[in-house]
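Results of the structural survey
Chain by chain, the residues:
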Amino acid sequence: MSTSPPLAIGIDARAAAEVPAGRGRVVRELLRELAAREDNDHRYILYARRTWQYEALDERFRWRPIGARDPWWHLLAARAANRECDVFLSSNSYLTAWFLRIPCVPIVYDLTTFEPSMRPNRRSTVIERATLGLAVRRSAAFIAISQATADALAARHPLAAKRTTVALLGVAPALVAELNSAEAAELPSPGFVLAVGTLEPRKNLPRLVDAYSRLPAEFQDRHPLVVVGALGWETGETLSALHSLGESCTLLGYVTDAALAELYRRCAVFCYPSLGEGFGLPVLEAMAAGAAVLTSNVSSLPEVGGDAVEYADASDVASIAAGLERLLESPARRAELGALALERAREFTWARFAELTLAALERATRGS
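A short tour of the structure in this document, coming up. No experiment lies behind these values; they were computed from the predicted model shown.

Section: the overall build of the protein chain
Helix and strand counts for the protein chain stand at 15 helices and 13 strands. In terms of overall dimensions, the protein chain is globule-like: its C-alpha atoms have a radius of gyration of 21 Å, near the 21 Å expected for 368 residues. Principal axes of the C-alpha set define a box for the protein chain whose edges measure 65 × 40 × 35 Å. Burial status across the protein chain gives 55% buried among its 368 residues. Within the protein chain, contacts between residues at least 6 apart in sequence are counted, and of these 66% link residues at least 24 apart. Approximately 15600 Å² of the protein chain is accessible, and the part contributed by carbon and sulfur atoms is 51%. Counting 40 positive and 43 negative side-chain charges, the protein chain places the averaged centre of each group 9 Å from the other.

Focus: the pattern of salt bridges
Pairs may arise between side chains of opposite charge once their charged atoms sit close together. Scanning all chains against the criterion turns up 26 salt bridges. Note that K203 and E277 form a salt bridge whose closest N and O atoms lie 2.7 Å from each other. On the criterion of sequence distance, the pair formed by K203 in the loop between strand 8 (193-196) and helix 7 (205-213) and E277 in the loop between strand 11 (269-272) and helix 11 (281-288) is long-range, its members being 74 residues apart. Looking at K203, the relative accessible area reads 10%, which means it is buried. The partner of E262 in a salt bridge is R265, and the shortest N-O contact between them spans 3.1 Å. Taken as a pair, E262 and R265 lie in helix 10 (residues 257-266) at a separation of 3 residues, close to a single helical turn.

Here we look at the side chain of S274
Residue position: S274 is located in the loop between strand 11 and helix 11. Residue classification places S274 among the buried residues on the basis of a relative accessible area of 1%. A polar side-chain atom of S274 sits 2.6 Å from a polar atom in the side chain of E277.

Some remarks on the environment of E262
For E262, a relative accessible area of 12% puts it in the buried group. A C-alpha to C-alpha distance of 40 Å links E262 and L7, two positions 255 residues apart in sequence. Setting aside chain neighbours within four positions, we find E262 in contact with E178, L179 and L187.

Quick notes on helix 11
Burial runs high along helix 11: 8 of the 8 residues are buried. Positive backbone phi, at 80°, marks G290, one or two positions downstream of helix 11.

Quick look at the pairing of strand 10 (residues 249-253)
On a regular strand, one side chain projects to one face of the sheet and the next to the other, so that they alternate. Inspection of the sheet shows strand 9 (residues 225-228) paired to strand 10 by 4 bridges, in the parallel sense. The partner of L225 across the bridge, within strand 10, is C249. Read as a crossover between parallel neighbours, the route from strand 9 over helix 9 (residues 236-243) to strand 10 is right-handed.

What to know about the packing of aromatic side chains
Overall, the coordinates contain 7 aromatic pairs when judged by the stated rule. Considering the side-chain rings of W52 and Y54, the 5.0 Å spacing of their centres and the 10° angle between planes classify their relative orientation as stacked. Residue classification places Y54 among the partly exposed positions, given a relative accessible area of 21%. Sitting above the plane of the W73 ring, R14 keeps its charged end 4.2 Å from the centroid. In this arrangement the basic side chain of R32 is found over the ring face of Y54, its NZ or CZ atom lying 5.2 Å from the centre.

Some points on the nonpolar core
I11, L31, L46, L194, F270, M287 and F353 are the most contacted members of the largest nonpolar core, which totals 73 residues. Element by element, the count of residues in this core is highest for helix 15 (residues 350-366), at 8 residues. F270 has contacts with L194, A195, V196, Y264, P282, V283, A286, A291, A292, V293 and L294, leaving out every residue within four places of it along the chain. Among the nonpolar cores identified, the runner-up in size contains 30 residues, and L199, L205, L245 and L327 belong to it.

Observations regarding the sheet that holds strand 8
With respect to topology, 6 strands assemble into an open sheet ordered 10-9-8-11-12-13, the strand pairing being parallel. One side of each edge strand has no neighbouring strand; the edge strands of this open sheet are strand 10 and strand 13 (310-312). The mean inter-strand angle of the sheet, taken between neighbouring strand axes irrespective of direction, is 25°. Pairing of strand 11 with strand 12 (residues 293-296), which is carried by 3 bridges, proceeds in the parallel orientation. Its bridge partner being in strand 12, F270 is matched across the sheet by V293.

Here we look at the state of the cysteines
Per the counting criterion, the structure on display carries 0 disulfides. Cysteine C85 remains unbridged, with the sulfur of C104 as its closest cysteine sulfur at 11 Å. C85 sits in the buried class, given a relative accessible area of 7%.

Observations concerning the sheet that holds strand 3 (residues 61-65)
Strand order in this open sheet of 7 strands is 3-2-1-4-5-6-7, and the pairing throughout is parallel. In this open sheet, the two strands that pair with only one neighbour each are strand 3 and strand 7 (164-166). Each neighbouring strand pair of the sheet contributes to a mean axis angle of 20°, computed without reference to strand direction. With 5 bridges connecting them, strand 2 (residues 43-48) and strand 3 associate as parallel partners. Each residue of the ladder has a partner; that of A48, found in strand 3, is P65. Helix 2 (residues 23-36) rests against strand 1 (8-12), strand 2, strand 3 and strand 4 (87-90) of the sheet, and its axis sits at about 145° to strand 3. Along the sheet face, helix 15 touches strand 1, strand 2, strand 4, strand 5 (104-108), strand 6 (142-144) and strand 7 and points at about 140° away from the line of strand 4.

Cut-off values and rules
Residues numbered from 1 in each chain as written. Predicted model: local features only at pLDDT ≥ 70, side-chain atom pairs only at ≥ 80, totals over all residues. Heavy atoms only, no water. Helix = DSSP H or I, 4+ residues; strand = E, 2+ residues; numbered from the N terminus. Rg over C-alpha atoms; globule rule 2.2 N^0.38 Å. Buried < 20%, exposed > 50% of the residue type's maximum accessible area, 1.4 Å probe, protein only. Contact = heavy atoms within 4.5 Å. Areas by Shrake-Rupley, 256 points an atom, 1.4 Å probe, with all protein chains shown as cover. Lys, Arg positive; Asp, Glu negative; His and termini not counted. Charge placed at Lys NZ, Arg CZ, Asp CG, Glu CD. Salt bridge = Lys/Arg side-chain N within 4 Å of Asp/Glu carboxyl O. Polar contact = N/O pair within 3.5 Å; in protein donor to acceptor, adjacent residues only side chain to side chain. Pairing = 2+ DSSP bridges. Right-handed = clockwise from strand over helix to strand, strands pointing away. Phe/Tyr/Trp six-rings, centres within 6.5 Å; stacked < 30°, edge-to-face > 60°. Lys NZ or Arg CZ within 6 Å of the ring centre and 35° of its normal. Core = buried A, V, L, I, M, F, W, Y, C linked by side-chain atoms within 4.5 Å. Axes fitted to C-alpha atoms, helices over the stretch in contact; angles between N-to-C directions. Disulfide = S-S within 2.5 Å.

Structure, rendered in structure tokens:
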């Protein structure tokens, strides 16, 4: 139970209504868990461009709409928070910290914008490289979504190390719910290889396509490739590779949480050969559905998968292909991994993420 006196906590909640996956999921699940907690009397002021409709947000929560575009949004939100709040959770940018006079706690998702090999989004690269340094000097604390992210932050900014709390992510309730029969009928039949994530270079889908094309023809016939994810940036190479598979590959684009949960349950193998992640939420989501997972052996992904998944060298097409073939030819191994994955996924909860985040915010107000 929290022993902190009641606080007015400001939260950058823009992503709840603006971002379908990724950071949007983090903010929505955090708000759900904060609403479910009854062990404190904190008030939450939610700064956003538009509200996210969730009936469980009670009188402790108040939306503060600010319609300005970036970078003016950050200046206006910070000015309001300076008047209204004791502490501020910056969930989607380092820029707000520049203008705050109250303690600020940014969430650090990853540092891929500092890795040219990841070919990050150019706009994000410019903004994050320009804003992180001053945010480190001005912020009271940080939330890192994995130890790998915390280590990457400390390597670049050693001053942040002692102020960083590692808070691992969880699995949304909607991703373990059943889909109704009508919607389920529209999804691919069970037995496919599934890949999930925004179509961007570091998701490494061209190598996955190359690896998949090396599988025996009988495996490709029985296990088509299904790809879920919105278009990101520099998609030309990725789309060209996926389209080269013809009818062996289905691109579903963005799908609802319920449909995604059903796809995780139906897949023969979930393959996530990312070149680097801050956490790797799709891996955890697939594990929670009991899927057999093949993922990369880099960055945060072993933190998530542990001994419950198989790993491949994301830079080596032959390694990805060998992992896929090994799992597709062994239903017994897939079943074993699925059982291990279900057990491990239970260790990751949004309640724990919210608890650690709230504790960091409370400590920030005490200067400790």
